[in-house]
Amino acid sequence: MGIAQNAGAKRLLGVMSAVARPRPKALAGAGSCKLGCKMDSLFRLLILGVLIAIVVSLGAALRHLSHGASEEDSRKMARALTIRISLSLLLFALLFIAWYMGLISPHAIQAMPSK
């Protein structure tokens, strides 16, 4: 049973490595770091900014939730949560674009050594 599980894990690792895209040549080499490093830094800052905006929006919703039970606070809370959902979708799209461009790549799952 352990051998079958190990073979399944190796197949999974093979699939995962086949899915990972190599970096485009314009972004790969040390000499071509002009555009690649700027794009990488820009995406990192953009993703970090969106994460911070998500947390701020969530904090604003919490403030309106705890502030009072008026209809105005409910409307402001709903708007803050709508903004948070929109920012989360934007973050997902940015991560997908960064993966497609080769700026980020998934890592393979490490198989457990058999005893």
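Preceding this section is the structure that the text describes.
Keep in mind the model is a prediction, meaning the values are calculated, not measured.

*Asks:* What is the right way to read the overall build of the protein chain from this model?
*Replies:* Across its full length, the protein chain holds 4 helices and 0 strands. Along the chain direction, N to C, the helices and strands of the protein chain fall in the order α-α-α-α. Across the 115 residues in the protein chain, those meeting the buried criterion constitute 17%. Considering only contacts in the protein chain between residues 6 or more positions apart, those separated by 24 or more positions represent 68%. A total of about 8,800 Å² of accessible surface is found on the protein chain, and carbon and sulfur atoms cover 71% of it.

*Asks:* What should I look at first to understand the environment of Val50 in this one?
*Replies:* Mapping Val50 onto the fold places it in helix H3 (residues 33-67). What makes Val50 buried here is its relative accessible area of 6%. As for Val50 and Leu90, which are separated by 40 residues in sequence, their C-alpha atoms are 7.9 Å apart. Leaving out residues up to four positions away in the same chain, Val50 has contacts with Leu87, Leu90, Leu91 and Leu94.

*Asks:* Would you explain the side chain of Asp73 in this entry?
*Replies:* In this structure, Asp73 sits in helix H4 (residues 71-101). The side chain of Asp73 is buried and forms no salt bridge, while Lys76, the nearest opposite charge, is found at 5.4 Å. Side chain to side chain, Asp73 and His67 meet in a polar contact 3.2 Å long. Sequence-distant contacts of Asp73, defined by excluding residues within four places in its chain, comprise His64, His67 and Gly68.

*Asks:* How do you make sense of the nonpolar core when you look at a structure like this?
*Replies:* Across soluble globular proteins, nonpolar side chains show a tendency to be buried alongside one another. With 9 residues, the main nonpolar core is built from Phe43, Ile47, Val50, Ile54, Leu87, Leu91, Leu94, Ala98 and Leu103. At the level of elements, H3 and H4 are the ones that each hand at least two residues to this core.

*Asks:* Help me out: how do you make sense of H4 in this one?
*Replies:* Since the α-helix advances by 3.6 residues per turn, residues separated by three or four positions end up pointing in the same direction. With 31 residues, H4 ought to run about 45 Å at 1.5 Å a step, and its terminal C-alpha atoms sit 45 Å apart, in line with that. What H4 keeps buried is the set Asp73, Ala80, Leu87, Leu91, Leu94, Ala98 and Trp99. Once H4 ends, the next one or two residues include Gly102, with phi positive near 90°.

*Asks:* What's the story with the environment of Phe43 in this structure? I'm lost.
*Replies:* Among the secondary structure elements, Phe43 is positioned in helix H3. Separated by 61 residues in sequence, Phe43 and Ile104 place their C-alpha atoms 9.9 Å apart. Those residues in contact with Phe43 that lie beyond four places of it in its chain are Leu94, Ile97, Ala98, Met101 and Leu103.

*Asks:* Help me understand the environment of Arg63 in this model?
*Replies:* Its location among the elements puts Arg63 in helix H3. The spatial distance from the C-alpha of Arg63 to the C-alpha of Asp73 is 9.0 Å, given a sequence separation of 10 residues.

*Asks:* I would appreciate a short explanation of a nonpolar patch on the surface in the present structure.
*Replies:* On the surface, Leu48, Ile52 and Val56 cluster together into a nonpolar patch covering about 290 Å² of accessible area. Looking at the element boundaries, Ile52 is found in helix H3.

Here is what the cut-offs are and how they apply
- In this numbering scheme, every chain counts its residues from 1 along its sequence in written order.
- pLDDT decides what is reported in this predicted model: residues at 70 or higher carry local features, side-chain atom pairs at 80 or more are listed and counted, and totals for whole chains, interfaces and linings draw on all residues regardless.
- Excluded from the side-chain calculations are hydrogens and water; all other atoms, namely the structure's heavy atoms, are used.
- The way it works is that DSSP assigns letters per residue, a run of H or I at least four long becomes a helix, a run of E at least two long becomes a strand, and they are numbered from the N terminus.
- When a residue's accessible area, from a 1.4 Å probe over protein chains only, is under 20% of the maximum for its type it is buried; when over 50% it is exposed; and in between it is partly exposed.
- By definition in these notes, contact holds between two residues if any of their heavy atoms fall within 4.5 Å.
- The Shrake-Rupley method, run with a 1.4 Å probe sphere, supplies the accessible areas, and residue values consider only the shown protein chains as cover.
- When charges are tallied, Lys and Arg are placed among the positive residues and Asp and Glu among the negative ones, while His and the ends of the chain are skipped.
- What makes a salt bridge here is a side-chain nitrogen of Lys or Arg within 4 Å of a carboxyl oxygen of Asp or Glu, nothing more.
- Polar contacts here mean pairs of N or O atoms no more than 3.5 Å apart (in protein, one a potential hydrogen donor and the other a potential acceptor; neighbouring residues in sequence count only if both atoms are side-chain atoms).
- Nine residue types can take part in a nonpolar core, namely buried Ala, Val, Leu, Ile, Met, Phe, Trp, Tyr and Cys, and a core is a set of them joined through side-chain atoms within 4.5 Å.
- The span one expects for a helix is its residue count, reduced by one, times 1.5 Å.
- Patch building starts from residues that exceed 30% relative accessible area and form no salt bridge, then joins like charges within 9 Å and nonpolar side chains (Val, Leu, Ile, Met, Phe, Trp, Tyr) within 5 Å.

Limitation: the analysis is restricted to geometry and does not speak to function.
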